[in-house]
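# A structural walkthrough
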There are 2 protein chains.
Amino acid sequence: MEFSAAVTALSALAYEGRLMIFRELVQAGPEGLAAGEVARRVGMAPSTLSASLTVLSHAGLVTSRREGRSILYAAAYEQMAELLAYLVEDCCNGRPEVCAPLAAIRARVACGV
Amino acid sequence: MEFSAAVTALSALAYEGRLMIFRELVQAGPEGLAAGEVARRVGMAPSTLSASLTVLSHAGLVTSRREGRSILYAAAYEQMAELLAYLVEDCCNGRPEVCAPLAAIRARVACGV
DNA sequence: CATATATTTCATCTATTGTTGAAATATGGA
DNA sequence: TCCATATTTCAACAATAGATGAAATATATG
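In this report, the structure presented in the accompanying data block is examined. Please read all numbers here as calculations on a predicted model, not as lab measurements.

Contacts between the two partners involve 40 residues from chain A, matched on the other side by 40 residues from chain B. If you list the elements that add at least two residues to the side of chain A that touches chain B, you get α1 (3-13), α2 (16-28), α5 (77-88) and α6 (103-108) of chain A. In terms of residues, the side of chain A that touches chain B owes the most to one element, α5 of chain A, which gives seven residues. Classifying every residue of the side of chain A that touches chain B by side-chain character gives 30 nonpolar, four polar and six charged.

Residue and element names in this part refer to chain B. Between helix α2 (residues 16-28) and helix α3 (residues 35-42), the least distance of the axes is 10 Å, while the angle of their chain directions is 120°. Our classification of the angle between α2 and α3 gives oblique. Crossing hand, α2 versus α3: right-handed. Listed contacts from α3 to Gly17, Met20, Ile21 and Glu24 of α2 are Val38, Arg41 and Val42. Taken together, the residues of the contact of α2 with α3 break down into four nonpolar, one polar and two charged.

This next bit is on the protein's contact with DNA strand C. With respect to spatial proximity, 23 residues lie near DNA strand C, and among them Ala34, Gly36, Ser47 and Ser50 of chain A together with Ser47 of chain B are the closest. Broken down by element, the residue count for the surface near DNA strand C peaks at six residues, all from helix α4 (residues 46-58) of chain A. Class assignment of the residues belonging to the surface near DNA strand C gives a composition of ten nonpolar, ten polar and three charged.

A separate point is the relation of the copies chain A and chain B. Between chain A and chain B, which share one sequence, the superposing operator has a rotation angle of 180° and an axial displacement of 0.0 Å; the RMSD is 0.0 Å. Each copy turns onto its partner about a two-fold axis. Closest approach to the rotation axis within chain A is made by the C-alpha atom of Leu10 of chain A, at a distance of 3.0 Å.

A separate point is the pairing of strand β3 (residues 70-75) of chain B. Residues and elements named next belong to chain B. The pairing of strand β1 (residues 33-34) with β3 spans two bridges and is antiparallel. Bridged to Ala34 within β3 is Leu72. Where strand β2 (residues 62-67) and β3 come together, six bridges link them in antiparallel fashion. Looking at the pairing, Arg65 lines up with Leu72 of β3. Remark: two residues form the turn of the hairpin made by β2 and β3, two consecutive strands paired antiparallel; Gly68 in that turn has positive phi of roughly 65°.

So, about helix α5 (residues 77-88) of chain B. All names here are of chain B. With twelve residues, α5 ought to run about 16 Å at 1.5 Å a step, and its terminal C-alpha atoms sit 17 Å apart, in line with that. Counted residue by residue, α5 has ten buried out of twelve residues, so it is predominantly covered. Every buried residue belonging to α5 is among Tyr77, Met80, Ala81, Glu82, Leu83, Leu84, Ala85, Tyr86, Leu87 and Val88, and all of these are buried. The positive-phi residue at the C-terminal boundary of α5 is Asp90, with phi of around 55°.

It is worth spelling out the nonpolar core at this point. In this structure, Leu10, Leu61 and Leu84 of chain A together with Leu10 and Leu61 of chain B are the most contacted members of the largest nonpolar core, which totals 77 residues. The residues contacting Leu61 of chain B, other than those within four sequence positions of it, are Ala9, Ala12, Phe22, Leu56, Ala75, Ala76, Gln79 and Met80 of chain B.

Cut-offs and rules
Residues numbered from 1 in each chain as written. Chains lettered and ligands numbered in written order. Predicted model: local features only at pLDDT ≥ 70, side-chain atom pairs only at ≥ 80, totals over all residues. Contact = placed C-beta atoms within 7 Å. Helix = DSSP H or I, 4+ residues; strand = E, 2+ residues; numbered from the N terminus. Nonpolar A, V, L, I, M, F, W, Y, C, P; charged D, E, K, R; others polar. Axes fitted to C-alpha atoms, helices over the stretch in contact; angles between N-to-C directions. Parallel < 35°, antiparallel > 145°, perpendicular 65-115°, else oblique. Left-handed = near helix turned anticlockwise from the far one by under 90°. Near = placed C-beta within 6 Å. Least-squares fit on C-alpha atoms with pLDDT ≥ 70 in both. Pairing = 2+ DSSP bridges. Expected span 1.5 Å × (residues − 1). Buried ≥ 20, exposed ≤ 12 C-beta atoms within 10 Å, placed from the backbone. Core = buried A, V, L, I, M, F, W, Y, C linked by C-beta atoms within 7 Å.

All we've got here are geometric facts, nothing functional implied.
Right under this line is the structure:
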């Protein structure tokens, strides 16, 4: 990931409504959720939600596909991983003890990746 | 980390100047850099830099201490790890294959944490 | 084809955020 | 004490971003 893509992704997540949406989608799994279902869960007006999903989509953090009348949105796990990787890149400048706190991440990932 | 702290941290990083500053500090290590040195490296005016450092500081992402006439800023690695952990929490809903892409993170952390 | 459902687009308004330069504060040294 | 260096604070301005409701688009069904 390059610098400006990281800024775009961070900006997309740096807002209450959008972070809430993204977390719902991350937890919902790769099939995703219909836009309307997301709106119901996070309690947003349709047009506000649509704008939020557009921002997340432009940042590459969610994907969408139509299914019948609904449009299903899903978290883009690869892009999310890219962003996390970018943030920790070159973190310790050759001194492993510096980024030791990052080891805690592993313990918090539910699936033990 | 709780929701609003995550939003604050993401907002702090979601801007070109501040992400640049943060990355400089992450790579500089725990001793940190003088504010003036940071300004020189990222090419910002002193007052703009100061405002940026304040935002990062309020988000808990950097710490500061005075040393002589300089004020040294350093990345807060623990808070950074907390943020990353928050983003991946409950990511796979019991299905490990969902967050498999996150495994790539490990390979990108220079010190192999 | 007409109607109902699902979502997006658009224009407008409001609020928030970033930048800038000048002045203020804090420290160290002659 | 006086001056130089380092950084922050402040006020004003400019730019950006989010919310809203109405209208538009797309799909499904009777």
